[in-house]
Amino acid sequence: MVKTKVEEVLNYIKKSSPGQDEFYQAAREVFESIIPLLEADSRYLEQNILERIIVPERSIIFRVNWIDDSGKIRTNLGYRVQFNSAIGPYKGGLRFHPTVSLGTVKFLGFEQIFKNALTGLNIGGAKGGSNFDPKGKSDAEIMRFCQSFMSELYKYIGKNRDIPAGDIGVGQREIGYLFGQYKKLTGDFDGAITGKGVNWGGSLARKQATGYGSVYFANEHLKVYNQEIKGKTCLVSGSGNVALYTIEKLIQMGAKPVACSDSRGTVYHKKGLDIASLKAVKELKRASLKEYANLHPDCEYIDVAHYPKGAHAIWQIPCDVAFPSATQNELNLQDAKALVKGGCMLVNEGANMPTTPDAIDYLQDMGVLFSPGKAANAGGVATSQLEMSQNASMTQWNFEQVDIKLRQIMKNIFKIAYKTSKEFDRTGDLITGANIAGFRKVADSMIDQGSV
Ligand code: NDP
Ligand code: 2IT
């Protein structure tokens, strides 16, 4: 009966959201994994929570006109999906990438609802972005695009209403231009955007938080099995914000990250990645990883054109722990098979939905530990909330204060996901544990607040 109902709602999503495959994938994963809760407590189906929770409270789509360096008017699509505000104001990042569509933003916003609930903080779920491609654009073009994007978005956000932040293609530079325009239009210097620079209201450790948090989570996970991250050989896909600070924390904790990637290729540095030159190439120069390979003749560079068909080069490298930290569906069944062959014991998701459903099934069947992104990468948004909190009280905490809170939050997220997996007789299945714990908090709040 419960399973039939879940299928019914999933079919409805498929029909009512044509072409939104990623959204459908995210909804299926959550709904299938919460079946034990729906069976144990009839209130959720009686109150039509599934039908209600899969519809965003509001989806805003807008035109963004901006002027390129040659004086030509260019047009992109802008999105903000305010998915759920049952437990707090809408909160979630903005993604600028040519692949962004309404389906992408809906999948990310849907995931964000449960991730934010898991942090234990009062933040609702949202996501936004644009199909604007920041690659190859000048600083001035990025600034004009951000100003134009905010000229529409500012109408819908606010420190108690909706608080955007960064995601793929949106780092501190973009947040600066967005915040500048927000301030100009509203006249308010407040915490309506997070990920700000530390000189102008940003929180120390926000930049590091997602990556550091991901490693703290992996370590908590390993501890249950009498293991630790120290001494482990690791693969970290991507080389953006999340990947770089995952690599940095791994090195600090005595692990050995040996490979990372970008959209053009993979670097395999067997003796261990050098974080200083990685940051210099990717963070400061915004260059290709090929430049890192040029600086380190002892490392191997595998161009994306030479990936084995259908698989991704990075996952073919032997490792103990894999941290997919680039983008969705970047680790497929073929990759999962290679990881198992290479001795991988834990896949810890730094990105949002990086592992395909068949890859997850395979990893779990083969006894590989799995940390779902909703739990493992929640340190970024949690620290965003710490930034909101500092802004509201007009204070600034030092790095250690924020880092201690981040560590505690990641420990708590692990604890609640693990405890909930146990409660539903699936001890150690953190997908079930995280989805049920996140869903229960939001669904109970929706029930408390009635039909709104
Ligand atoms: P960045 O833009 O800083 O970095 C993204 C990295 O992934 C880059 O190295 C990029 O390559 C690579 N990449 C992006 N898209 C693709 C693609 N389609 N194919 C191949 N490579 C790709 O983003 P973040 O590090 O902020 O985000 C990474 C992931 O983590 C995303 O899934 C994001 O949603 C998630 N996340 C981010 C948080 C944050 O606080 N920033 C918080 C929680 C999750 P290239 O350098 O060539 O562009
Ligand atoms: O996916 C995510 O959690 C983020 N991109 C961070 C969101 C935030 O509001 O800090």
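Look up a bit, the structure's there.
Small disclaimer: the values here were computed from a predicted structure and weren't measured. (Residues numbered from 1 in each chain as written. Chains lettered and ligands numbered in written order. Predicted model: local features only at pLDDT ≥ 70, side-chain atom pairs only at ≥ 80, totals over all residues. Heavy atoms only, no water.)

## Side note on the overall build of the chain
Right, so step 1: Across its full length, the chain carries 18 helices and 12 strands.
Right, so step 2: The C-alpha radius of gyration of the chain comes to 21 Å, within 12% of the 22 Å expected for a compact globule of 452 residues.
Right, so step 3: Each principal axis of the C-alpha distribution contributes one length, and for the chain these read about 65 × 55 × 45 Å.
Right, so step 4: The buried share of the chain, reckoned over its 452 residues, is 58%.
Right, so step 5: By sequence separation, contacts in the chain at least 24 residues apart represent 70% of the contacts at least 6 residues apart. (Helix = DSSP H or I, 4+ residues; strand = E, 2+ residues; numbered from the N terminus. Rg over C-alpha atoms; globule rule 2.2 N^0.38 Å. Buried < 20%, exposed > 50% of the residue type's maximum accessible area, 1.4 Å probe, protein only. Contact = heavy atoms within 4.5 Å.)

## Quick word on the pattern of salt bridges
Right, so step 1: Across all of its chains, the model carries 24 salt bridges by this definition.
Right, so step 2: In this structure, Asp-41 and Arg-43 form a salt bridge, with 3.1 Å as the shortest nitrogen-oxygen distance.
Right, so step 3: By relative accessible area, which is 31% here, Arg-43 ends up partly exposed.
Right, so step 4: For the salt bridge of Arg-43 with Asp-444, the shortest nitrogen-to-oxygen distance reads 3.0 Å. Of the two residues, Arg-43 sits in helix α4 (residues 43-46) while Asp-444 sits in helix α18 (residues 430-449), which places them 401 residues apart along the sequence. (Salt bridge = Lys/Arg side-chain N within 4 Å of Asp/Glu carboxyl O.)

## Describing the nonpolar core
Right, so step 1: Residues Phe-217, Ile-229, Leu-250, Leu-278, Tyr-292, Phe-323 and Ile-413 are the most contacted members of the largest nonpolar core, which totals 51 residues.
Right, so step 2: What Ile-229 contacts, discounting residues up to four positions off in sequence, is Ala-218, Asn-219, Leu-222, Cys-234, Leu-250, Met-253, Ala-255, Val-321 and Phe-323. (Core = buried A, V, L, I, M, F, W, Y, C linked by side-chain atoms within 4.5 Å.)

## Observations concerning the packing of aromatic side chains
Right, so step 1: Applying the stated criterion across every chain, the model contains 22 aromatic pairs.
Right, so step 2: Through pairs of rings, three or more aromatic residues link up here, namely Phe-23, Phe-31, Tyr-44, Phe-83, Phe-110, Phe-114 and Phe-439.
Right, so step 3: In this structure, Lys-249 is placed above the aromatic ring of Tyr-212, and the distance from its NZ or CZ to the ring centre is 4.3 Å. (Phe/Tyr/Trp six-rings, centres within 6.5 Å; stacked < 30°, edge-to-face > 60°. Lys NZ or Arg CZ within 6 Å of the ring centre and 35° of its normal.)

## Describing the site of ligand 1
Right, so step 1: In the vicinity of ligand 1, 25 residues are found, and the nearest of them are Lys-135, Asp-167, Thr-210, Ser-263 and Asn-352.
Right, so step 2: Arg-95 places a side-chain nitrogen or oxygen 2.9 Å from an oxygen atom of ligand 1.
Right, so step 3: Within the contact set of ligand 1, an oxygen atom lies 2.5 Å away from a side-chain nitrogen or oxygen of Ser-263.
Right, so step 4: Protein coverage of the free-state accessible area of ligand 1, which is 900 Å², stands at 81%.
Right, so step 5: Listed by contribution, the elements that provide at least two residues to the shell around ligand 1 are α9 (206-224) and α10 (241-252).
Right, so step 6: Residue classes in the shell around ligand 1 are distributed as four nonpolar, 14 polar and seven charged. (Near = heavy atom within 4 Å. Polar contact = N/O pair within 3.5 Å; in protein donor to acceptor, adjacent residues only side chain to side chain. Areas by Shrake-Rupley, 256 points an atom, 1.4 Å probe, with all protein chains shown as cover. Nonpolar A, V, L, I, M, F, W, Y, C, P; charged D, E, K, R; others polar.)

## Some thoughts on unusual backbone geometry
Across residues other than glycine, the phi torsion is negative in most instances, and most of the peptide bonds are trans.
Right, so step 1: The phi torsion at Ala-205 lies on the positive side, around 75°, for a residue other than glycine.
Right, so step 2: By the secondary structure assignment, Ala-205 is in the loop between α8 (172-186) and α9.
Right, so step 3: Despite not being glycine, Arg-286 shows a phi value in the positive range, around 50°.

## Concerning the site of ligand 2
Right, so step 1: The environment of ligand 2 is made up of 14 residues, and the closest members are Lys-91, Lys-115, Lys-127, Asp-167 and Ser-384.
Right, so step 2: Contact distances for ligand 2 include 3.1 Å between a nitrogen atom and a backbone N or O atom of Gly-166.
Right, so step 3: Contacts to ligand 2 include Asp-167, whose side-chain N or O atom sits 2.9 Å from a nitrogen atom.
Right, so step 4: Starting from 300 Å² of accessible surface for ligand 2 in isolation, the protein chains cover 93%.
Right, so step 5: Counting only elements with at least two residues in the shell around ligand 2, the list comes to β3 (90-96), α6 (102-118) and α16 (379-392).

## Notes on the environment of Phe-217
Right, so step 1: Along the chain, Phe-217 turns up in helix α9.
Right, so step 2: We classify Phe-217 as buried; its relative accessible area is 0%.
Right, so step 3: Residues within four places of Phe-217 in sequence aside, it is in contact with Asn-348, Ser-371, Ala-375, Ala-376, Met-410, Ile-413, Phe-414 and Leu-430.

## A look at the sheet that holds strand β7 (residues 256-261)
Right, so step 1: Sheet architecture is open: seven strands sit in the order β9-β8-β7-β6-β10-β11-β12, paired in mixed fashion. Here the strands that pair on one side only, and so sit at the sheet edges, are β9 (300-303) and β12 (369-371). Across the sheet, the mean angle from the axis of one strand to that of its neighbour is 15°, orientation sign disregarded.
Right, so step 2: When β7 meets strand β8 (residues 265-268), the two strands line up antiparallel, connected through three bridges. Its bridge partner being in β8, Ser-261 is matched across the sheet by Thr-266.
Right, so step 3: Packing against the sheet, α9 makes contact with β10 (321-323), β11 (346-348) and β12, and its axis sits at approximately 150° to β11. (Pairing = 2+ DSSP bridges. Axes fitted to C-alpha atoms, helices over the stretch in contact; angles between N-to-C directions.)

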